[in-house]
Structures are given as structure tokens and as C-alpha cells.
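Listed below are the residues making up each chain.
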Amino acid sequence: MSAGEAVPLGRERELGAVEQAVQSLREGRSGVLLLAGEPGIGKTRLLRELVVRARAADVLTLYGRATEYERDRTFGLFVDALDDHVAAVGTSGLPLPREADRELTRILPSWGSGEETHPSRLREERHRGHWALRALLRALSEARPVLLALDDMHWADPASAEMLSYLLRHPVREQLLLAMAFRQEEVPPPLATELATAVRDGSARRLDIAPLSEQEADGLFRPGLHPGARRRIYQDSGGNPFYLLELARASSESSGAAAVLAHRPEVEAAAHADPVPRRYARPSPAN
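My aim in this report is to walk through the structure given alongside it, one point at a time. Keep in mind that this is a model prediction, so the values were computed, not measured.

1. Digging into the sheet that holds strand S1 (residues 31-36)
Then, in step 1: Spatially, the five strands line up as an open sheet ordered S2-S3-S4-S1-S5, and their pairing is parallel. With partners counted over all chains shown, the strands left at the sheet margins are strand S2 (60-65) and strand S5 (205-208), one partner each. Between one strand and the next, the sheet's axes are offset by a mean angle of 15°, whatever the strand orientation.
Then, in step 2: As judged from the six bridges shared by S1 and strand S4 (residues 176-182), these two strands associate in the parallel manner. In the strand pairing of S4, Gly 31 is matched with Leu 177.

The following block contains the structure:
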């Protein structure tokens, strides 16, 4: 994705919050931004828009994404976010305590030629890993503003989920913006409690990504499409960009008509950036 891509449709409130978060970070303030919503609603697209805007503001951007099938990978979400940066720039010059350096060698594959630690030992000693990873984020953010963007956080491995709870309880006070996209119903209960507490005490801002309104969705359809067809597709989709796109395609295929949606690349990107597992599938238009 490049800075020239179109912005998500109907997301003025969310985009305003994204821009405000980047501006606050540029001014040296830390914060937490939470993007919550159902599958297919466009959380990933907004998180990536945040990444684009942060990069344009000369912010160091660290992006990691959890997956449903890697929950046994200890600290996997943070490895995904941090290891490529470590591999690219090295570790020299970072003001880290010796103990933190030793712990990071056990967590991040690119950190150096330290001793290899068995995963079971990492699980037993991961509270030390929490301290070391926080020290690394603090060292990075002392040098320049940092965005740590974590996608599909609800699938984080237990050590990463505990690390996020640790960061919420012991936030980095330097120039760090922690942004997370997630499905609320799948967040582990202890972490969900920490998120709610952070929102309640004002240390985190939460954006619940709403479905598109009927007016916003109407702008997606091809001119000339019958209003009744527009209304039916919108109602069946519930305003969810993913379902709207899929139902419109199904309608075109079943009727033999031309595509019912106008060409909107940003809608295509938004819908498929936040994939929907089969268990969330809604009834087809025929049902």
C-alpha cells in the first residue's frame, strides 16, 4: 500500500482519530489507539492507513500481525513486529541494560549470536521478556517517534497477550504510539480487562468501527442499479464492506448481470484486508 491509495469510504471520524494520533506522536506524546470491530469491517485497512500516515511523518513504524495458527509461537506477535527492524539496522547504539540485551537474544532471532532458548524456558521466564521488550521499545522511542501497529491482536499467543497487558499497566512514556486492531469477542479475558481499564482511565482511545450507512454504501453501486436491488444487498450485508462486496458479486453471478458495484479499489482493499473465517459467514442472498 502506498500513500497515494484512496482512503477508506465513510470513515471520516476514524480517519480524524488516526490523524490526531499521528500528530500527537510527532509532538512527543505517547498513546494507545484501539481499532475494534467485527470481521470484514475494515480494521486492517484503517490500521494500514495509520502506518502510511506515520511513515509520511518520519515515524519509525513497526508492524506485526498475529495469525490463528501460530498461537504456540512464544512472543510471536512481537517477533513479527520487531525482528525485521533489528535485522535491518542492527542493535548497536541502543542504550539497553545488559540483562535486557541477554533476554532479547533469547526472544528475537535477529538480535545476535546468543544462546538458543527452548520454548518451554521462554514460557517459564517470559516475565523477564516483558521487561526486556519494554526496554527495547523505550530505547527505540527515545531516538525518534515509534508506531507499534499490531493487527489481529485477538490471535496473539499467550506471551504476547501478557506483554500487551504489561505495556498497558507500564506504558512507555517516551514517543510511542501503540495501535491494535482486534475482534472484541475473541480477545483473551485478562487482556480484555486491561483494555477496558485503559479506556476507562483515559490512557487509551477506542474506536469501534461501525458498518457503512445506507447512504455510504449507496455510493458503491453502479449507476442505474434498481433501488430495490441496492436496498436488498445493503440490508443483507448489514453495511459490512466484506459482505456487501461478496453479496453484490453473488447477485451479479446469479442474475447474469454486469457487476453491480462501481470500481472502487479502496473498498476491495478494505474488504479483503480483514479476512472473514468460515464460521462467521452470513447466509447467501438465496437463503
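2. Some remarks on the packing of aromatic side chains
Then, in step 1: The tally for this structure, following the rule as stated, stands at one aromatic pair.
Then, in step 2: Ring geometry for Phe 242 versus Tyr 243: centroids 5.5 Å apart, planes at 85°, classification edge-to-face.
Then, in step 3: Here Phe 242 falls in the buried class, since its relative accessible area comes to 14%.
Then, in step 4: Residue Tyr 243 is classed as buried on the basis of its relative accessible area of 8%.

3. Quick look at the pairing of strand S3 (residues 146-151)
Then, in step 1: Judged by how many residues are buried, S3 sits mostly within the fold: six of six residues are covered.
Then, in step 2: By the alternation rule, side chains of S3 split into Val 146, Leu 148 and Leu 150 and Leu 147, Ala 149 and Asp 151, which are all buried.
Then, in step 3: Here S2 pairs with S3 via six bridges, running parallel. Bridged to Leu 60 within S3 is Val 146.
Then, in step 4: Summarising the sheet, S3 and S4 pair through five bridges and their orientation is parallel. Across the sheet, residue Leu 147 finds its bridge partner in S4, namely Leu 177.
Then, in step 5: Taken together, S3, helix H7 (residues 158-169) and S4 constitute a β-α-β crossover, and its handedness is right-handed.

4. Side note on helix H2 (residues 43-56)
Given 3.6 residues per helical turn, the α-helix brings residues three or four places apart onto the same face.
Then, in step 1: Taking 1.5 Å of rise per residue, the 14 residues of H2 would be expected to cover 20 Å, and the 20 Å separating its terminal C-alpha atoms lies within 8% of that figure.
Then, in step 2: Within H2, 10 of the 14 residues are buried, leaving the element largely enclosed by the surrounding structure.
Then, in step 3: If you check which residues of H2 are buried, you get Lys 43, Thr 44, Arg 45, Leu 46, Leu 47, Glu 49, Leu 50, Val 51, Val 52 and Ala 54.
Then, in step 4: Among the residues trailing H2, Asp 58 stands out with phi positive, at a value near 65°.

5. Here's the deal with the pattern of salt bridges
Then, in step 1: Counting across every chain of the model gives 16 salt bridges.
Then, in step 2: Of the charged contacts in the structure, one is a salt bridge between Glu 14 and Arg 13, with a shortest N-O distance of 3.2 Å.
Then, in step 3: When its relative accessible area of 4% is taken as the criterion, Glu 14 is described as buried.
Then, in step 4: Measuring nitrogen to oxygen at the nearest pair gives 2.8 Å for the salt bridge that ties Arg 29 to Glu 27.
Then, in step 5: Classification of Arg 29 as partly exposed rests on a relative accessible area of 44%.
Then, in step 6: One network of salt bridges, in which partners are shared, links Glu 19, Arg 45, Glu 49 and Arg 53.

6. Details of the packing of helix H3 (residues 76-89) against helix H6 (residues 126-143)
When two helices pack together, their arrangement is captured by the angle between the axes and the distance separating the axes.
Then, in step 1: Running from amino to carboxyl end, H3 crosses H6 at an angle of 45°, the nearest separation of the two axes being 13 Å. What the angle tells us is that H3 and H6 run oblique. Crossing geometry of H3 relative to H6 is assigned as left-handed. Residue-level contacts link Phe 78, Leu 82 and His 85 of H3 to Leu 133, Leu 136, Leu 137 and Leu 140 of H6.
Then, in step 2: Along the lines of polarity and charge, the residues of the contact of H3 with H6 split into six nonpolar, one polar and no charged.

7. Details of helix H10 (residues 227-237)
Then, in step 1: Restricting attention to buried positions, one finds in H10 the residues Arg 230, Ile 233, Tyr 234 and Ser 237. One side of H10 holds all its buried residues, which, seen down the axis, span an arc of 100°.
Then, in step 2: Once H10 finishes, Gly 238 follows within two positions and takes phi at roughly 70°, a positive value.

8. What about the environment of Arg 55?
Then, in step 1: Of note, Arg 55 is situated in helix H2.
Then, in step 2: Arg 55 sits in the exposed class, given a relative accessible area of 52%.
Then, in step 3: Residues Arg 55 and Val 22, 33 residues apart in the sequence, show an inter-C-alpha distance of 9.6 Å.

Definitions and cut-offs
Once a new chain begins, its residue numbering starts again from 1 and follows that chain's sequence as written. Where local features are concerned, this predicted model is filtered to residues with pLDDT of at least 70; where side-chain atom pairs are given and counted, the filter is 80 or more; whole-chain, interface and lining totals use all residues. Only heavy atoms go into the side-chain values, all of them from the structure, while hydrogens and water stay out. Here, any two strands with at least 2 DSSP bridges between them count as paired. Only runs of H or I of at least four residues qualify as helices and only runs of E of at least two qualify as strands under DSSP, and these elements are numbered from the N terminus. Angles run from 0 to 180 degrees between N-to-C directions of axes, and those axes are lines fitted to C-alpha atoms, restricted for helices to the stretch in contact. Only Phe, Tyr and Trp rings are paired, with Trp represented by its six-membered ring, and only when their centres lie within 6.5 Å; those with planes under 30 degrees apart are stacked, over 60 edge-to-face, the remainder tilted. To sort residues, take the accessible area from a 1.4 Å probe on protein chains only and compare it with the maximum for the residue type: under 20% means buried, over 50% means exposed, and anything in between is partly exposed. We call a crossover right-handed when, viewed with the strands running away from us, the connection from the first strand over the helix to the second turns clockwise. Here a helix's expected span is defined as the number of its residues, less one, multiplied by 1.5 Å. The rule for a salt bridge is simple: a side-chain nitrogen of Lys or Arg has to be within 4 Å of a carboxyl oxygen of Asp or Glu. Should an angle fall under 35 degrees it is called roughly parallel, over 145 degrees roughly antiparallel, and 65 to 115 degrees roughly perpendicular, with every other angle called oblique. Left-handed describes a crossing in which the near helix is turned anticlockwise from the far one by less than a right angle; the clockwise case is right-handed. Residue contacts are counted whenever heavy atoms from the two residues lie within 4.5 Å of one another. Residues were grouped as follows: Ala, Val, Leu, Ile, Met, Phe, Trp, Tyr, Cys and Pro as nonpolar; Asp, Glu, Lys and Arg as charged; and all remaining residues, including Gly, as polar. To obtain the arc, one takes the directions from the helix axis to the C-beta atoms.

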